[in-house]
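Okay, here's what each chain looks like letter by letter:
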Amino acid sequence: MLRSSPALVAVLAIALPSAASAASPQSFKGEYTVSFLGLSIAKSTFSSRYENGIYSIDGSVSAAGLARLFDDTRGTVSSKGTISGQKMVPQAFRADYTSGKKASAIDIRFANGNVISTQVIPAPGKRDPKSWVPISAGDLVSVLDPMAATVIHADSLDKVCGRTVKFYDGEMRADLTLTYASKGTISVPGYKGETVTCRMGFEPVAGYRKGRKALNYLKNRSRMMVTFAPLGQTGVYAPIHATVGTQIGTLTISARRFEAVQ
């Protein structure tokens, strides 16, 4: 589940495609698979549209393969906002998902890129003040939702890495740092060309329980690599492949389709 699994939140944050505005409307489509130890465990499909400085992204995520025998999770996600210069400025983010018979939702609203309201259903339980790191108002200024956080505006492949992304998933505030690793090429339906790979660091800021092993692993030991490819001639780069090390193995996220559509 999104709210209860920071590792999955990080996976989704780097697996969702997006794009930039342009003078004429543009639409993009991405289809991804998530695998663990070579076995498919989830799939996602996302479509996005950009027109006159406004973006909207809609998608679906569901368990797949053997994972459905243990956790039949499925859901929908959406994000909308505006584009100012080279920055995504979110207005609203919504995730609705079910796991078995249990339904959950996350709804985040923004004003000028700052979080103004968050609703999580079901509501989180009472936190232990001795171990919980609370979120302050300052933590929610100029942050991105998990979908908008996937977009990198850059002048070239050489300038995609070397930055920190501030994101908020409805409970946790974290920083994702991208440092250059390598260049390469890739060929998938819809795209064939150059890519850049960044190593991603994870730093929880607030909204988490201190001492949590999964978070400590992501922060101190996990090897997370994200490969970006350009979305047409927009000057925007989105993930096309990623690997995330967890305590029990490596998750691999791969695009099955990555293309501009009319």
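The coordinates are above.
First, a word on scope: everything that follows refers to the structure included in this document. Going along each chain's sequence as written, the residues are numbered from 1 onward. For this predicted model, a pLDDT threshold of at least 70 governs which residues receive local features, and a threshold of 80 or more governs which side-chain atom pairs are given and counted, while totals over whole chains, interfaces and linings are taken from all residues. With hydrogens and water set aside, each side-chain value is computed from the structure's full complement of heavy atoms.

What follows covers the state of the cysteines. What counts as a disulfide here is a pair of cysteine sulfur atoms lying within 2.5 Å. Tallying each qualifying case throughout the model produces one disulfide. The residue that forms a disulfide with C161 is C198, at a sulfur-sulfur distance of 1.9 Å. Handedness of the C161-C198 disulfide follows from its S-S torsion of about -85°: it is left-handed. Of this pair, C161 sits in the loop between β9 (152-153) and β10 (163-168) while C198 is found in strand β12 (residues 191-206), placing the two residues 37 residues apart along the sequence. On the basis of relative accessibility, which here comes to 9%, the residue C161 falls in the buried class. Numbering of helices and strands starts at the N terminus; helices are DSSP runs of H or I of at least 4 residues and strands are runs of E of at least 2. A simple rule labels every residue: compare its accessible area, found with a 1.4 Å probe on the protein chains alone, to the largest value its type can have, and call it buried under 20%, exposed over 50%, or partly exposed in between.

In globular proteins that are soluble, nonpolar side chains generally tend to be buried together. Among the nonpolar cores identified, the biggest contains 64 residues, and I152, V160, F202, F228 and F258 are the most heavily contacted of them. In this view, V160 contacts I152, A154, V196, C198, F228 and Y237; residues no more than four positions away in its chain are not counted. The nonpolar core is taken to be a set of buried Ala, Val, Leu, Ile, Met, Phe, Trp, Tyr and Cys residues, with the residues joined through side-chain atoms within 4.5 Å. Contacts are residue-level and defined by heavy atoms, with any inter-residue pair within 4.5 Å sufficient.

Attention now goes to unusual backbone geometry. The omega angle of the peptide bond from I121 to P122 is -5°, so this bond is cis rather than trans. Counting through the fold element by element, P122 comes out in the loop between β7 (114-121) and β8 (132-133). Notably, N52 is not glycine yet its phi reads approximately 55°, a positive angle. Position of N52 relative to the elements: it lies in the loop between β2 (39-51) and β3 (54-63). Positive phi, normally seen in glycine, also occurs at S142, with a value near 55°. Relative to the assigned elements, S142 resides in the loop between β8 and β9. On the basis of relative accessible area, S142 is assigned to the partly exposed category, the value being 47%.

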